[in-house]
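Chain and residue survey
These are the residues of each chain, in order.
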Amino acid sequence: MDYNNSHSTPPPFYGVHEVTTQVNAVMKRVYVRMFIGLLISAFCAMGVASSNAALNFFFGNQIFMWVMLIGMFVMAWVIPARMQKMSSGTVLLLFMLFSALMGLCLAPVFLLYKIGTIVYTFFITAGMFGAMSVYGYFTKNDLSRMGSILIMALFGLIIATIVNIFLANSTMEWIISIAGVLIFSGLTAWDTQSVKRMASYNVDPSMADKLATLGAMNLYLDFINLFLYLLRFVGGNRD
C-alpha cells in the first residue's frame, strides 16, 4: 500500500479542471481493473473448486502450494517497489497473474461455504467497501495518520492470527474477525484517498497508468480480506 515510489510533485501550471479530469480518469481505471481482478479470482476459484482433478493438482502437492504462495508474496512486493522500472503493461499483467493465483488460493472457500452464503457475503462486502471508498474519496479529512495506525494494527492482526493457529481459541478467532473487518474497512478509505491524492500530483501518462494498477491492487486486497473476515460471521452453516 505504498504510493510513495512515484516521487511525484504537484505540477506548477496545472489547472483545477485538468487535475479533476486526470483524477477521474485514474480512479475510473482503478475501479475497472479492480473489478476485472475480482472476476479473474472468482472464475479461477470456482473453476478449481468444481474439479476434483484441479483440487488434487493445486492442493495435493505441497511444493506447488508453497511456490504459489511465495509467488504471490513476491509479486505483492515487486509491483509497488519496482513499478517505475517496469512498463505499464508488465505491471498490469503481474496484477492479473496475482489475481489468478489469489483465486486458486480461494478455491476452498467454495467447498467450505454454501454458494448462497458466499453470494450474500459478497454483496455485504460490496456495500461496505463502496461506502468506505466513497468516504475516502470525498472526505476533506487527512487519513494519513489513520492509515499509519491501521498498518500497525494489521501487523498485530497477522501476529494474532498466527498465534491462534496454535491456540485454536474460538473467542480469539471472533475478536480477530471483528478486528479484521474494522481494519480493512479503514484501509479501504485510506487507500482510496491515497491513490486519489497521488493521481492529482502525477501528470506523466505512463506513471498514471501504473498508479491506477497499483491502486486497483491495493483496493482489491482490501476487498478480498474484508470479504473473508465477513464470511466468518455470516458463514456459520458449512457444507
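Residues numbered from 1 in each chain as written. Predicted model: local features only at pLDDT ≥ 70, side-chain atom pairs only at ≥ 80, totals over all residues. Heavy atoms only, no water.

When its secondary structure is counted, the chain shows nine helices and zero strands. Traced from its N-terminal end to its C-terminal end, the chain shows the element sequence α-α-α-α-α-α-α-α-α. Counting only residues that meet the buried cut, the chain has 44% of its 239 residues in that class. The long-range fraction of contacts in the chain, counting pairs at least 24 apart against all pairs at least 6 apart in sequence, stands at 86%. A total accessible area of about 12800 Å² is found for the chain, and carbon and sulfur atoms account for 71% of it. (Helix = DSSP H or I, 4+ residues; strand = E, 2+ residues; numbered from the N terminus. Buried < 20%, exposed > 50% of the residue type's maximum accessible area, 1.4 Å probe, protein only. Contact = heavy atoms within 4.5 Å. Areas by Shrake-Rupley, 256 points an atom, 1.4 Å probe, with all protein chains shown as cover.)

To describe a pair of aromatic rings, one takes the distance between the centres and the angle between the planes. Under the defined criterion, the tally for this structure stands at 11 aromatic pairs. Pairing Phe58 with Phe64 gives two aromatic rings, centres 5.4 Å apart and planes at 50 degrees, and the pair type is tilted. Using a relative accessible area of 28% as the deciding quantity, one classes Phe64 as partly exposed. Taking the centre distance of 4.9 Å and the plane angle of 70 degrees together, the rings of Tyr137 and Phe138 count as edge-to-face. Under the relative-accessibility criterion, Tyr137 is labelled buried at 17%. Feature note: the residues Phe122, Phe123, Phe129 and Phe223 constitute an aromatic cluster, connected by ring pairs. Seen from the ring of Tyr137, Lys196 lies directly overhead, with NZ or CZ sitting 4.3 Å from the centre. (Phe/Tyr/Trp six-rings, centres within 6.5 Å; stacked < 30°, edge-to-face > 60°. Lys NZ or Arg CZ within 6 Å of the ring centre and 35° of its normal.)

Relative to the elements of secondary structure, Ser177 occurs in helix α8 (residues 170-201). If we skip the residues at most four places from it in the chain, Ser177 touches Tyr229, Arg232 and Phe233.

With that out of the way, let us pick up unusual backbone geometry. Phi at Ala168 is positive, roughly 55 degrees, even though this residue is not glycine. For Ala168, the location among the structural elements is in the loop between α7 (144-167) and α8.

Here we come to the environment of Met34. With respect to the helices and strands, the residue Met34 is situated in helix α1 (residues 16-49). Met34 gets classed as buried once you look at its relative accessible area, which sits at 5%. On a C-alpha basis, the gap between Met34 and Leu214 in space is 9.6 Å, while along the polypeptide they are 180 residues apart. Excluding anything up to four places from it in sequence, Met34 contacts Phe95, Phe129, Ala216, Leu219, Tyr220 and Phe223.

For the rest of this paragraph, the subject is the confidence of the model for the chain. Here the chain averages 87 in pLDDT, and 90% of its residues register 70 or above. Throughout residues 4-13 the model reports pLDDT below 50, and contacts reaching past four residues in sequence, or to other chains, amount to 16 contacts. (pLDDT = per-residue confidence, 0-100.)

Moving on: the nonpolar core. Residues Met34, Phe98, Met102 and Tyr220 are the most contacted members of the largest nonpolar core, which totals 67 residues. Mapped onto this core, the elements with two or more residues apiece are α1, α2 (52-59), α3 (62-82), α4 (88-106), α6 (115-138), α7, α8 and α9 (205-234). Among residues more than four places away in sequence, those in contact with Met102 are Ser41, Met72, Tyr220, Leu221 and Ile224. (Core = buried A, V, L, I, M, F, W, Y, C linked by side-chain atoms within 4.5 Å.)

On to the pattern of salt bridges. Counted by the stated rule, this structure contains three salt bridges. For the salt bridge of Arg29 with Asp209, the shortest nitrogen-to-oxygen distance reads 2.9 Å. Here the residue Arg29 occupies a position in helix α1, and Asp209 occupies one in helix α9, the gap between them amounting to 180 residues. Look at Arg29 and you get partly exposed, because its relative accessible area is 26%. As a salt-bridge pair, Asp142 and Arg197 come within 3.4 Å of each other at their nearest N and O atoms. Of this pair, Asp142 sits in the loop between α6 and α7 while Arg197 sits in helix α8, placing them 55 residues apart in sequence. Given the relative accessible area of 52%, Asp142 is considered exposed. Residue Arg197 is classed as partly exposed on the basis of its relative accessible area of 30%. One salt-bridge network, in which partners are shared between bridges, spans Arg29, Arg33 and Asp209. (Salt bridge = Lys/Arg side-chain N within 4 Å of Asp/Glu carboxyl O.)

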